[in-house]
Amino acid sequence: MITLTIEGRQVTVPEGTTILEAAKQVGVLIPHYCYHPGLPVAGVCRMCLVDVEKAPKLAPSCATTVAEGQVVHVHNEKALEARKGVLEMLLINHPLDCPICDQSGECELQDYTYQEGREDSRYREPKRFNPAEDFGGDVVYVPNRCILCTRCVRFMDDLAHDPVLNVSERGDRALIGKFDGKDLTHPWAANVVDLCPVGALLSKDFLNKARAWELDRTASICPNCTQGCNVMMETRENQLVRMRPRANEYVNAFFMCDWGRLNYRWMNEKDRVERPMVRQGGSLAPTSWERAIAAAAATLKGKRTFVAASPMLSNEALFLLTQLMQGGAFRVAEGDEAPLPGIEDLALRRERAANVHGAEALGFTKTRDLLSGLGQGDALVVAGENLTGVDPAALTRASAIVVISSVLPESVANAAVVLPIANFAEEEGTVTNLRGRVQRFTQARQAPGETRPSWLVLGDLLGAIGKQSSFFLPSDVFAKLASTNKAFAGLSYDTLGFKGLPLATAKETGPKAPLAMGAP
Amino acid sequence: MTPHAPYQPVFGAGGEARRELDELIPRYPRKMATLLPALWIVQRERGWVSDEGMAEVAGLLDLTPAYVKGVVTFYTMYHQHPVGKYFIQVCTTSPCGICGAEDVAKAFLRHTNTGELGVTSSDGRFTVIEVECLGACGFATPVMINEEFIESVTPEKVPDLLARLT
Amino acid sequence: MGYPHQPHQRETTVLSRYFGVAEARTLAGWKQRGGYQALEKALAMAPADIVNVVKESGLRGRGGAGFPTGMKWSFMKPGDGKPHYLCCNADESEPGTFKDRELMRWTPHALVEGCAIAAYAIGAETAYIYIRGEFTEPLHWMNEAVKEAYAAGIIGKNAMGTGKRIDVHVHKGAGAYICGEETALMNSLEGRRGNPRIKPPFPAVSGVFGMPTTINNVETLIAAIPILMNGADWYKKMSLSNPKSTGTKLYSVCGNIERPGTYEVVMGFPFRDFLYDVCGGPLAGRKFKAVIPGGVSVPIQTMEEAEATLMDYEGFVAQGSMLGSGGVILIDDAQSMVAVIARIARFFAHESCAQCTQCREGTAWTTKILERIRDGQGTTEDLDTLLDIAEQMTGTTICVLSDSCATPVVSGIKKFGREFEALIQSRSFHPVIAAVA
């Protein structure tokens with residue numbers, strides 16, 4: 001271990017740690033652009049220069065490892081002057097078009113310029129200009145804003161193993177280039193947009209959609225496959241407009257795949273059931289929650305109950321479903337697996353739902369024929385399943401159908417009771433990823449109408465049936481789950497935190513990214 | 001050549017260029033190290049390094065075309081566009097500059113009827129560029145015409161030099 | 001000798017002895033002149049002994065930095081189980097410098113021999129000679145010499161019959177000044193953009209192909225030959241000045257001077273005598289105004305400084321500049337210093353590899369300001385801005401290209417500020433500039 005002093009604060013870190021990372025540990029963020037903890041060090045932006053006592057020159061803190069007894073000044077005049085110089089140089093050819101730039105408000109060039117830059121520019125010469133270029137995939141390149149930090153090039157090379165980006169030309173003519181006809185089509189390519197510290201690489205999907213400061217950000221999990229990448233769900237006026245990766249060294253490092261990232265619109269779905277309904281005569285009629293729960297309880301009580309569940313449901317919802325069912329099954333949509341080769345065990349998974357592993361761990365059967373376990377005369381609970389492609393003839397085996405969903409499938413228009421629940425983005429809960437890691441997600445948008453969270457609805461239903469009193473919080477449900485299911489033993493919302501923990505039955509895995517010090 | 005003529009590989013199996021490259025590869029512990037030599041071969045054979053040429057080299061050396069393009073654009077001697085039959089480089093860097101190199105460049109522009117640096121004459125014979133330091137500063141002004149290195153060129157010598165070229 | 005001139009009597013022609021002698025280019029001619037005897041002697045010695053002789057000779061790197069050669073060789077740890085490499089830096093691209101060009105085109109076998117000696121001394125089986133692409137003639141002669149040396153069994157898997165493997169390969173650059181920077185050269189050799197690498201790791205730990213590597217300039221490697229033949233003491237004695245600067249040094253002389261060419265004098269030779277006597281002084285009717293003694297990267301000297309200089313590593317520093325690569329550029333009273341410096345800055349802006357912010361943006365910005373001043377549109381604030389940018393560009397980047405661009409600007413404004421001011425004072429009216437000024 002090495003002990004050094006940074007901005008007057010003593011810190012002890014393992015040998016080989018860079019000054020930049022050591023500084024983070026004592027709460028000092030050294031400004032930087034090209035450095036990113038998930039990428040190889042380039043040391044080119046020269047923004048992270050710091051003054052190390054007894055060193056002849058300023059040191060790039062991202063590329064300088066700590067030494068015993070080192071005294072580092074981050075904010076003294078010498079270091080500040082150097083960084084002020086870098087900022088001025090980065091801006092001389094920059095169009096200063098913040099008012100029309102998507103990055104505005106989350107731009108490190110803006111942030112550090114406000115923090116440490118000059119108030120004016122001494123540059124009087126013409127600015128260089130290059131036209132914007134569609135890089136393919138979800139990415140557009142605006143070279144005039146580019147600071148040549150090369151994070152994007154390094155990501156495509158070292159992590160995606162698909163070096164389709166390069167630095168072209170030399171000197172101030174240099175820019176990020178690609179080869180004609182070879183686009184950013186790699187399934188993980190859109191990460192370059194997040195990695196870009198300025199407004200040079202932009203998402204086409206998000207282009208001109210919102211200003212960064214209008215967004216509400218919620219820590220969540222990507223629901224779109226079993227990897228369980230940690231994400232921020234970003235909403236504007238209650239609409240999900242963007243999903244971006246949230247760092248978790250045990251799951252997704254700093255990244256998420258394009259498919260997961262761009263597959264968020266379903267969570268803004270409009271064709272919702274917004275009020276509880278019960279069958280009255282030939283049709284479903286809206287009613288109060290109390291009556292609907294009572295009707296559902298009456299429908300299910302004393303019957304063998306079969307649950308057709310969605311693997312998008314939380315552990316909490318699935319656990320409560322197991323309390324009222326005699327049999328349960330789920331099916332999962334599939335696609336091609338697409339790994340990010342630079343990170344161990346990180347891929348867009350074949351199974352495209354968040355909680356496949358949780359559903360299995362809780363006793364649901366994975367099947368292609370969803371209703372094969374539905375016996376003649378059983379009560380059927382359709383939980384989050386859209387029943388697309390399910391043979392309507394199979395449904396006739398059910399003596400009664402209770403739908404607990406956010407959308408009412410056409411094929412169960414004859415349901416006895418419909419209980420509208422929140423979708424993945426609208427409630428809180430946990431999911432279990434394919435390596436058995438249990439991770440929390442939280443509510444990113446308001447559920448429409450009278451819709452309620454799934455755990456609340458199911459808790460009330462169980463209470464009405466007389467099996468279980470209701471729960472006040474999803475954590476109560478989880479505590480119950482942990483106390484009754486060995487795999488979940490010892491886990492709680494408090495211990496899960498926002499990086500999750502593995503099931504007792506899961507294999508411990510080490511971190512797959514150098515993330516000990518936190519976010520970039 | 002029409003713009004749509006199919007690209008003929010430079011390093012076709014059994015060809016001289018391929019043999020040359022295959023001989024170079026064992027000189028280095030990594031195949032990638034033959035990238036610059038391979039690009040030189042492409043330029044020698046085709047007069048310039050086209051996108052197709054870059055893609056071909058990329059394929060041979062297990063690189064991506066984008067990577068190769070990044071390298072090609074770094075080095076000024078690789079032509080990314082076709083150039084005249086005679087590619088004339090006049091050194092105008094400081095030591096030659098103070099010995100009148102710019103007048104030599106102007107003389108070449110005038111006598112080749114190219115008029116502008118980097119522009120190929122309408123008959124396709126000449127392209128004249130100013131080049132940064134040819135490393136023969138004591139022989140101002142050095143000029144390279146294709147592979148030929150000519151020392152101590154003055155504006156007066158330019159017409160005779162050009163007259164030698166067919 | 002002062003190629004293309006006859007050697008001057010005050011020159012000491014050790015390395016340049018055969019410049020202009022076409023027969024010395026061939027293997028037979030080189031052998032007749034004592035060629036490959038030093039290699040033969042070296043191969044019979046222990047590598048460590050060769051390193052010691054070079055150490056004792058006081059030989060320092062001739063590429064510009066002046067690092068002690070023997071010490072550099074001693075960084076290569078024998079028996080580390082890794083392949084070692086020797087790189088010969090023949091990228092000679094510092095404007096004003098063309099001595100290595102002469103060495104390679106007149107005595108190509110000397111370089112093969114020097115490479116083979118150094119490779120053996122540092123435990124390398126492979127040496128790469130990286131020659132800039134513009135050097136068509138040196139490339140031709142080096143390729144010929146390597147071919148001849150292989151055919152004669154001097155190099156190859158059984159070098160001179162000793163059973164030792166020494167491969168020497170010529171690698172052609174493709175137009176990039178920065179590839180003369182040692183780690184950029186290694187990247188280029190590996191088939192990459194010629195971007196300088198962050199140090200540490202230093203080449204002796206992780207150089208070309210990630211292996212321990214020594215990189216030496218052409219002149220340095222060739223100087224090892226007479227050192228081995230004549231001994232360290234002989235070499236050390238060739239100094240008129242400082243014990244830390246030994247031997248002879250080649251100087252490329254160019255610009256506004258009567259006899260440009262390559263000259264070889266011993267360390268400590270008076271610069272005044274060199275310029276006015278050996279090289280023939282200024283052109284008829286002209287006066288020297290300034291001299292850049294070590295390639296365009298070093299500070300510009302006034303004639304007062306130059307005439308007080310003793311030509312060695314310390315002597316140039318004592319008079320406000322550096323020995324650098326030995327590229328001596330004379331600027332006479334017909335030249336505008338502003339135009340000269342603007343052209344130098346333009347060179348660096350063209351050659352910046354684009355990695356570091358201060359270099360990529362600073363070299364171009366500096367050039368634009370200088371060219372504006374040159375064209376009569378400068379302001380007095382421009383000089384302050386130039387000096388400030390220069391400060392930002394000094395000591396803040398991966399390599400010293402950025403510093404090299406700043407150096408002539410700072411020394412130029414400091415020593416020839418009047419020329420800048422005169423241009424600025426006489427500036428013509430320009431509506432745009434006037435509006436923002």
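Each chain has its residues counted from 1, running along the sequence as written. Here chains are named by letter from A upward and ligands by number from 1 upward, in the order in which they appear as written. Under the rules for a predicted model, residues below a pLDDT of 70 receive no local features and side-chain atom pairs below 80 are neither given nor counted, while totals for whole chains, interfaces and linings still include all residues.

1. Some points on the overall build of chain A
Here is step 1: If you tally the helices and strands in chain A, you get 13 helices and 26 strands.
Here is step 2: In terms of its C-alpha atoms, chain A occupies a principal-axis envelope of roughly 85 × 50 × 35 Å.
Here is step 3: For chain A, the proportion of its 520 residues judged to be buried stands at 53%.
Here is step 4: Put simply, 64% of the contacts in chain A that link residues at least 6 apart link residues at least 24 apart. Strands here mean DSSP runs of E at least two residues long; helices mean DSSP runs of H or I at least four residues long; both are numbered from the N terminus. Residue burial here comes from a neighbour count, namely the number of other C-beta atoms, placed from the backbone, that lie within 10 Å of the residue's own C-beta, with 20 or more meaning buried, 12 or fewer meaning exposed, and in between meaning partly exposed. Throughout, a residue-residue contact means that the two C-beta atoms, derived from backbone geometry, are no farther apart than 7 Å.

2. Structural notes on the overall build of chain B
Here is step 1: In terms of regular secondary structure, chain B is built from seven helices and four strands.
Here is step 2: Principal axes of the C-alpha set define a box for chain B whose edges measure 50 × 40 × 25 Å.
Here is step 3: Here chain B holds 166 residues, and the buried ones make up 49% of them.
Here is step 4: Excluding contacts between residues fewer than 6 apart, the proportion of contacts in chain B whose partners are at least 24 apart in sequence is 54%.

3. Here's the deal with the sheet that holds strand β2 (residues 126–131) of chain B
Hydrogen bonds between backbone groups are what pair the strands of a sheet, and the pairing can be parallel or antiparallel.
Residue and element names in this part refer to chain B.
Here is step 1: By this definition, two strands are paired if DSSP reports at least two bridges between them. Read across the open sheet, the four strands follow the order β2-β1-β3-β4; overall the sheet is mixed. Only two strands of the sheet have a single partner each, and these edge strands are β2 and β4 (148–150). Taking each pair of neighbouring strands and ignoring which way they run, the sheet shows an average axis angle of 20 degrees.
Here is step 2: Across six bridges, the pairing between strand β1 (residues 86–91) and β2 is parallel. Its bridge partner lying in β2, Cys 91 is registered against Val 131. Note on geometry: axes are C-alpha line fits, over the in-contact stretch for helices, and angles between N-to-C directions span 0 to 180 degrees.

4. Remarks on the interface of chain C and chain B
Here is step 1: Listed by partner, the interface residues are 45 residues for chain C and 34 residues for chain B.
Here is step 2: Elements supplying a minimum of two residues to the side of chain C that touches chain B: α7 (136–151), β3 (167–172), α8 (182–189), β5 (248–255), β6 (261–266), β11 (327–332) and α14 (337–351) of chain C.
Here is step 3: Examining the composition of the side of chain C that touches chain B, we find that six residues originate from one element, α14 of chain C, more than from any other.

5. A word on the sheet that holds strand β7 (residues 139–141) of chain A
Residue and element names in this part refer to chain A.
Here is step 1: The three strands lie next to each other as β6-β7-β10, forming an open sheet whose pairing is antiparallel. Pairing within the sheet leaves two strands with one partner each, and these edge strands are β6 (133–136) and β10 (201–203). On average, each strand axis in the sheet is inclined to that of its neighbour by 35 degrees, with strand direction left out of account.
Here is step 2: When β6 meets β7, the two strands line up antiparallel, connected through three bridges.

6. A closer look at the packing of α14 of chain C against helix α17 (residues 401–425) of chain C
Any two packed helices are characterised by the angle at which their axes cross and by the distance between the axes.
All names here are of chain C.
Here is step 1: Interhelical geometry of α14 versus α17 gives an angle of 160 degrees and a closest axis separation of 9 Å. In terms of orientation, α14 and α17 fall into the roughly antiparallel class. α17 is crossed by α14, and the crossing has left-handed handedness. Side by side, α14 and α17 meet where Met 337, Val 338, Ile 341, Ile 344, Ala 345, Phe 348 and Glu 351 of the first sit next to Leu 401, Ser 404, Cys 405, Pro 408, Val 409, Gly 412, Phe 416, Glu 419, Phe 420 and Leu 423 of the second. In what follows, roughly perpendicular refers to angles from 65 to 115 degrees, roughly parallel to angles under 35, roughly antiparallel to angles over 145, and oblique to any angle outside these ranges. Crossing handedness: left-handed means the near helix sits turned counterclockwise from the far one by under a right angle, and right-handed means the same turn made clockwise.

7. Here's the deal with the packing of helix α8 (residues 315–324) of chain A against helix α11 (residues 454–465) of chain A
Residues and elements named next belong to chain A.
Here is step 1: Where α8 meets α11, the axes come as close as 9 Å, and the angle between the chain directions of the two elements is 20 degrees. In terms of axis orientation, α8 runs roughly parallel to α11. Viewed along their axes, α8 and α11 form a crossing whose handedness is left-handed. Contacts from Glu 316, Ala 317, Leu 320, Leu 321, Gln 323 and Leu 324 of α8 reach α11 at Ser 454, Trp 455, Leu 458, Gly 459, Leu 461, Leu 462 and Ile 465.
Here is step 2: When residues are sorted by character, Ala, Val, Leu, Ile, Met, Phe, Trp, Tyr, Cys and Pro go into the nonpolar class, Asp, Glu, Lys and Arg into the charged class, and all the rest, Gly among them, into the polar class. Partitioning the contact of α8 with α11 into residue classes produces nine nonpolar, three polar and one charged.

8. Focus: the interface of chain C and chain A
Here is step 1: Between chain C and chain A, the residue contacts involve 25 residues of the former and 25 residues of the latter.
Here is step 2: Looking at the side of chain C that touches chain A, the elements with two or more residues in it are α14, α15 (357–374) and α16 (380–392) of chain C.
Here is step 3: The biggest single contributor to the side of chain C that touches chain A is α15 of chain C, with nine residues.

9. Regarding α7 of chain C
Residues and elements named next belong to chain C.
Here is step 1: Here a helix's expected span is defined as the number of its residues, less one, multiplied by 1.5 Å. Taking 1.5 Å per residue, 16 residues should reach 22 Å; α7 reaches 23 Å between its end C-alpha atoms and fits that length.
Here is step 2: The complete set of buried residues in α7 reads Pro 138, Leu 139, Met 142, Ala 145, Val 146 and Ala 149. Along the long axis of α7, the arc covered by the buried residues comes to 135 degrees, so they all point the same way. Residues of α7 that are exposed and angled more than 90 degrees away from the buried face: Lys 147 and Ala 151.
Here is step 3: Those residues of α7 that are buried are in contact with α1 (27–32), α5 (99–106), α6 (108–121), β2 (124–131) and β3.
Here is step 4: Where α7 ends, the next residue or the one after it, Gly 153, has phi of about 75 degrees, a positive value. The reported arc concerns the directions from the helix axis to the C-beta atoms and nothing else.

10. Points about the pairing of β1 of chain B
Here is step 1: With three bridges connecting them, β1 of chain B and strand β3 (residues 143–145) of chain B associate as antiparallel partners. Across the sheet, the residue bridging to Gln 89 of chain B is Met 144 of chain B, located in β3 of chain B.

11. Let's talk about the confidence of the model for chain A
Here is step 1: Averaged over all residues, the pLDDT of chain A equals 95, while 98% of them reach at least 70.
Here is step 2: One number per residue, pLDDT, summarises how confident the predictor is, and it ranges from 0 to 100. Of the regions scoring below 50 in pLDDT, residues 516–520 of chain A engages in nine contacts with residues more than four places distant in sequence or in other chains.

12. Re the nonpolar core
Here is step 1: In this structure, Val 402 of chain A together with Cys 88, Leu 111, Cys 115, Ile 117 and Ile 129 of chain C are the most contacted members of the largest nonpolar core, which totals 366 residues.
Here is step 2: Among all residues touching Leu 111 of chain C, those that are not within four sequence positions of it are Cys 88, Leu 103, Met 104, Ile 129, Met 142, Val 218, Leu 221 and Ile 222 of chain C. By our criterion, buried Ala, Val, Leu, Ile, Met, Phe, Trp, Tyr and Cys residues that link up through C-beta atoms within 7 Å make up a nonpolar core.

13. Points about the environment of Met 45 of chain C
Here is step 1: Residue placement: Met 45 of chain C occurs in the loop between α2 (37–43) and α3 (47–57).
Here is step 2: Between the C-alpha atom of Met 45 of chain C and that of Leu 103 of chain C, which follows or precedes it by 58 residues, the distance is 26 Å.

14. Things to note about helix α11 (residues 271–278) of chain C
Residues and elements named next belong to chain C.
Here is step 1: Where α11 is concerned, the buried positions are Phe 271, Phe 274, Leu 275 and Val 278. All buried residues of α11 lie within an arc of 120 degrees about the axis, which places them on one face of the element.
Here is step 2: Tucked into the core, α11 has its buried residues touching β6, β7 (269–270), α12 (303–307) and β10 (310–311).

15. Considerations on unusual backbone geometry
Residues and elements named next belong to chain C.
Here is step 1: In this chain, Lys 199 is followed by Pro 200 through a cis amide linkage whose omega measures -5 degrees.
Here is step 2: Structurally, the position occupied by Pro 200 is in the loop between α8 and β4 (213–217).
Here is step 3: Omega for the bond connecting Pro 200 with Pro 201 falls within 30 degrees of zero, at 5 degrees, which places this linkage in the cis form.
Here is step 4: Its location among the elements puts Pro 201 in the loop between α8 and β4.

16. Brief notes about the confidence of the model for chain B
Do not read the predicted coordinates in detail wherever pLDDT is low.
Residues and elements named next belong to chain B.
Here is step 1: Confidence in the prediction of chain B, expressed as mean pLDDT, is 95, and 98% of residues score 70 or more.
Here is step 2: Considering each helix and strand of chain B separately, the mean pLDDT is smallest for β4, with a value of 94, and largest for helix α4 (residues 65–72), with 98.
Here is step 3: What the predictor reports for the complex is a pTM of 0.95 with an ipTM of 0.96.

17. Structural notes on the environment of Arg 19 of chain B
Residues and elements named next belong to chain B.
Here is step 1: Summarising the element assignment, Arg 19 is placed in helix α1 (residues 16–24).
Here is step 2: A count of 12 C-beta atoms within 10 Å places Arg 19 in the exposed class.
Here is step 3: In the structure, Arg 19 is positioned 64 residues away from Val 83 in sequence and 27 Å away in space, judged by C-alpha atoms.

18. Details of the environment of Asp 167 of chain C
Residue and element names in this part refer to chain C.
Here is step 1: Here Asp 167 lies in strand β3.
Here is step 2: The spatial distance from the C-alpha of Asp 167 to the C-alpha of Tyr 128 is 8.3 Å, given a sequence separation of 39 residues.
Here is step 3: In this structure Asp 167 touches Glu 125, Thr 126, Ala 127, Ile 155 and Gly 156, once residues within four positions along its chain are discounted.

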